[in-house]
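Residue-level structure breakdown
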Amino acid sequence: MTKLGVVVVLFSLVAAILPCAQSLKVESWATRLESRKETVTSLQFYFHDTLSGKNPSAVRVAQATDTAKSPTLFGLVMMADDPLTETTDPNSKLVGRAQGLYGSAGKQELGLIMAMNFGFTDGIYNGSCISLLGRNAGLHPVREMPIVGGTGLFRLARGYAIAQTHWFDPPTGDAIVGYNVTVVH
Ligand SMILES: *[C@@H]1O[C@H](CO)[C@@H](O)[C@H](O)[C@H]1NC(C)=O
Ligand SMILES: *[C@@H]1O[C@H](CO)[C@@H](O)[C@H](O)[C@H]1NC(C)=O
């Protein structure tokens, strides 16, 4: 190898070892690190919300005195532990669970406020989660909701979820909803 070749190899090694971002101690109690490394992840899965039967995945935990009289069931609060699967088939591969609350927060139009943790259990995402917090106008064919954070591989996540109802059974309220999620983390 020529001298130049050796220098190039050494330089590449040093460049690979040195982090491109520089950590700066700006105060005795604060360190600032500028980094432009971000990942965009797209997820696609189906959410199965089952209110009917002996083993519902979503249960009513509270309601207001007038909830039953309200056309939008205003004041109703549900707690859910819903499976997330790879396809619309409830028996397809389980990728995670959506655990949390949703409640009717709209008096004029059905508008659910959703506060849910989507915890993943499949492959490299096992143990990582994203947090969804936003309004879900359930009767609209397509809804958008914010993703406000995450853990594990999704640390510092922010993004959005596009929800589209795949199947809904009005008498029971059972639903299968497709979620397309885009997060930057
Ligand atoms: C996910 O991780 C948990 C805890 O580490 C483990 O028990 C479980 O088997 C894993 N699940 C899958 C599908 O790999
Ligand atoms: C979700 O993503 C799939 C696959 O990219 C696409 O076919 C579908 O139209 C998307 N749905 C919505 C509501 O954007």
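You'll find the structure just up there.
What this report covers is the structure whose coordinates are included nearby. Computed from a predicted model, the values in this text were never measured in an experiment. (Residues numbered from 1 in each chain as written. Chains lettered and ligands numbered in written order. Predicted model: local features only at pLDDT ≥ 70, side-chain atom pairs only at ≥ 80, totals over all residues. Heavy atoms only, no water.)

**What to know about the environment of Met-116**
Definition in use: Put simply, DSSP H or I for four residues or longer makes a helix, DSSP E for two residues or longer makes a strand, and each gets a number counted from the N terminus. Partly exposed describes any residue whose relative accessible area lies between the buried limit of under 20% and the exposed limit of over 50%, with all areas from a 1.4 Å probe on protein chains only and scaled to the type maximum. Only heavy atoms matter for contacts: two residues are in contact if any of them lie within 4.5 Å across the pair.
Residue position: Met-116 is located in strand 7 (residues 112-120). The buried category is assigned to Met-116, whose relative accessible area is 3%. Sequence spacing of Met-116 and Asp-81 is 35 residues, and the spatial spacing of their C-alpha atoms is 9.4 Å. Aside from chain neighbours lying at most four places away, what touches Met-116 is Phe-47, Ala-80, Ala-98, Gln-99, Gly-100, Leu-101, Tyr-102, Ile-130, Ser-131 and Leu-132.

**Section: the site of ligand 2**
Rules: Here, proximity means that at least one heavy atom of the residue falls within 4 Å of the molecule or strand. Whenever a nitrogen or oxygen atom comes within 3.5 Å of another N or O atom, the pair is scored as a polar contact, on the condition that within protein one atom can donate a hydrogen and the other can accept it, and that pairs from neighbouring residues in sequence are kept only if both atoms are in side chains. Methods summary: accessible areas were calculated by the Shrake-Rupley approach with a probe of 1.4 Å, and residue burial reflects only the protein chains presented. Under the grouping applied here, Gly and all other residues not named as nonpolar or charged are polar, the nonpolar ones being Ala, Val, Leu, Ile, Met, Phe, Trp, Tyr, Cys and Pro and the charged ones Asp, Glu, Lys and Arg.
Surveying the vicinity of ligand 2 reveals the residues Gln-44, Ile-162, Gln-164 and Asn-180. Within the side chain of Asn-180, an N or O atom sits 2.2 Å from an oxygen atom of ligand 2. Burial of ligand 2 by the protein amounts to 42% of the accessible area it has alone, namely 360 Å². Partitioned by chemical class, the residues of the shell around ligand 2 number one nonpolar, three polar and no charged.

**A few points about the pattern of salt bridges**
Applicable threshold: The working definition used for a salt bridge is a side-chain nitrogen of Lys or Arg within 4 Å of a carboxyl oxygen of Asp or Glu.
This model, assessed by the stated rule, comprises six salt bridges. Across the pair Asp-122 and Lys-93 runs a salt bridge whose closest N-O atoms are separated by 3.1 Å. Taken together, the positions of Asp-122 in the loop between strand 7 and strand 8 (129-136) and Lys-93 in the loop between strand 5 (77-85) and strand 6 (94-104) put the pair 29 residues apart, joining distant regions of the chain. Relative accessible area serves as the criterion here: at 28%, Asp-122 is assigned to the partly exposed category. Here Glu-109 makes a salt bridge to Arg-135, at a shortest N to O gap of 2.9 Å. Of this pair, Glu-109 sits in the loop between strand 6 and strand 7 while Arg-135 is found in strand 8, placing the two residues 26 residues apart along the sequence. Residue class for Glu-109 comes out partly exposed when judged on its relative accessible area of 35%.

**Observations concerning the pairing of strand 8**
Strand residues, when the strand is regular, have side chains that alternate between the two faces of the sheet. Cut-off, in case you're wondering: Should DSSP find at least two bridges between two strands, the strands are taken to pair.
Where strand 7 lies against strand 8, eight bridges are found, and the strand directions are antiparallel. Bridge pairing in strand 8 links Ile-113 to Arg-135. Inspection of the sheet shows strand 8 paired to strand 9 (residues 142-151) by four bridges, in the antiparallel sense. Paired with Cys-129 across the two strands is Thr-151, which belongs to strand 9. Connecting strand 8 to the antiparallel partner strand 9 that follows it, the hairpin turn spans five residues.

**Re the side chain of Ser-128**
Tracing the backbone through its elements, the reader meets Ser-128 in the loop between strand 7 and strand 8. For Ser-128, a relative accessible area of 3% gives the class buried. Polar side-chain contacts of Ser-128 include one of 2.9 Å to the backbone nitrogen of Leu-153. Once you skip the residues sitting within four places of it in the chain, Ser-128 turns out to touch Phe-118, Gly-119, Phe-120, Thr-151, Gly-152, Leu-153 and Phe-154.

**Thoughts on the packing of aromatic side chains**
Stated formally: Pairs were defined over the aromatic rings of Phe, Tyr and Trp, the Trp ring being its six-membered one, requiring ring centres within 6.5 Å. Orientation was assigned from the angle between planes: stacked under 30 degrees, edge-to-face over 60, tilted for the rest.
Evaluation of the coordinates by the stated rule reveals eight aromatic pairs. Between Phe-45 and Phe-118, the aromatic rings sit 5.7 Å apart at their centres with planes inclined by 65 degrees, giving edge-to-face as the arrangement. In this pair, Phe-45 is assigned in strand 3 (residues 40-49) and Phe-118 in strand 7, connecting sequence segments 73 residues apart. Judged by centre distance (5.1 Å) and plane angle (5 degrees), the ring pair of Tyr-125 and Phe-154 falls under stacked. Of this pair, Tyr-125 sits in the loop between strand 7 and strand 8 while Phe-154 sits in the loop between strand 9 and strand 10 (158-169), placing them 29 residues apart in sequence. The buried category is assigned to Phe-154, whose relative accessible area is 0%.

**Details of the side chain of Ser-92**
Among the secondary structure elements, Ser-92 is positioned in the loop between strand 5 and strand 6. A polar atom in the side chain of Ser-92 sits 2.7 Å from the backbone oxygen of Asp-89.

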